[in-house]
Amino acid sequence: MNIFIIVGSIRQGRTAIKVAEWLSKEINQLDFHTLNTRIVDLKEWNLPLFAGAHPPASGIYDQPRQQEWADHIAQADAFIFISPEYNHGYSAVLKNAIDYLGKEWKSKPFGIVSYGGNNGTSSVEQLKQVCTALDMIDSNAVIQLRDIFNRNKTEHFEGNEFDNKAVASVINKLIQYSNI
């Protein structure tokens, strides 16, 4: 099973990449032999704002890098979105990356790791609405990182005992829903 961890921030000094690296490390320690994780950094993908003539649901991909992005995302069996909360929602770069495609998201389970104001609650709610509208499977696997501003003062993010324990639950839910 291929799980893509999508880093939903491109800001300088971003916490999201640290959280993605922590999450990947924790998943690898769970010792699932058939599980592969890959960090998908939207900063590296540098997708321009979607401005295509055809809606992605049409399957006509006419934007630069759109087919490359589609081919990459199609390799995943499930997703974990790292979603900081910006202005009571999720980031524009994450919205743009999701909006680039249609069928590649369909019928695949997703989980969310959020942080920020109210631990990312608003970003989780909005992201769930968009993903379910794309016929993704809401596994109800969510980790909301508390007190992120005080915990993000070093080079690497370290989850606390509750965060680390929640990782196994997220993975089990993604596995469960990917077998539907």
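Sequence order sets the numbering: in each chain, residues are counted from 1 along the sequence as written. Where local features are concerned, this predicted model is filtered to residues with pLDDT of at least 70; where side-chain atom pairs are given and counted, the filter is 80 or more; whole-chain, interface and lining totals use all residues. Just so you know, side-chain values use all the structure's heavy atoms and leave hydrogens and water out.

- Looking at an unreviewed UniProt entry, one finds the protein named NAD(P)H-dependent oxidoreductase and attributed to Acinetobacter piscicola.
- UniProt positions are given in the numbering used here, feature names are shortened, and annotations may be inferred rather than shown by experiment. In its Cofactor (unreviewed entry) section, the UniProt record describing the protein reads: "FMN".

## What to know about the side chain of His72
- Mapped onto the elements, His72 comes out in helix H3 (residues 66-73).
- Residue classification places His72 among the buried positions, given a relative accessible area of 15%.
- Excluding its chain neighbours within four sequence positions, the residues that come into contact with His72 are Phe4, Arg38, Val40 and Trp45. Each helix is a run of H or I in the DSSP string that is no shorter than four residues. Each strand is a run of E no shorter than two, and both are numbered from the N terminus. Whether a residue is buried, partly exposed or exposed follows from its accessible area with a 1.4 Å probe, protein chains only, as a fraction of its type maximum: under 20%, in between, or over 50%, in that order. The contact criterion used throughout is that any non-hydrogen atoms of two residues lie within 4.5 Å.

## Some thoughts on the UniProt feature "domain: NADPH-dependent FMN reductase-like" (unreviewed entry) in the protein
- Per the UniProt record, "domain: NADPH-dependent FMN reductase-like" (unreviewed entry) is found at residues 1-141.
- For residues 1-141, the end-to-end C-alpha separation is 17 Å, with 33% helix and 22% strand making up the annotated structure.

## Structural notes on the environment of Thr154
- Inspection of the secondary structure puts Thr154 in the loop between helix H6 (148-151) and helix H7 (161-178).
- For the pair Thr154 and Asn119, spaced 35 residues apart in sequence, the C-alpha to C-alpha distance is 19 Å.

## Considering the nonpolar core
- We define a nonpolar core as any set of buried Ala, Val, Leu, Ile, Met, Phe, Trp, Tyr and Cys residues linked to one another through side-chain atoms lying within 4.5 Å. In terms of nonpolar packing, the biggest core is built from 27 residues, with Ile6, Trp69, Phe79, Phe81 and Trp105 touching the most fellow members.
- Counting only elements with at least two residues in this core, the list comes to strand S1 (2-7), helix H2 (42-45), H3, strand S3 (78-84), helix H4 (92-99), strand S4 (109-115) and helix H5 (121-133).
- It is H5 that contributes the most residues to this core, four residues altogether.
- Once residues lying within four places of it in the same chain are set aside, the contact partners of Ile6 are Val40, Leu42, Ile73, Phe79, Ile80, Phe81, Ile82, Leu94 and Trp105.
- Among the nonpolar cores identified, the runner-up in size contains 25 residues, and Val7, Ile17, Ile143 and Val170 belong to it.

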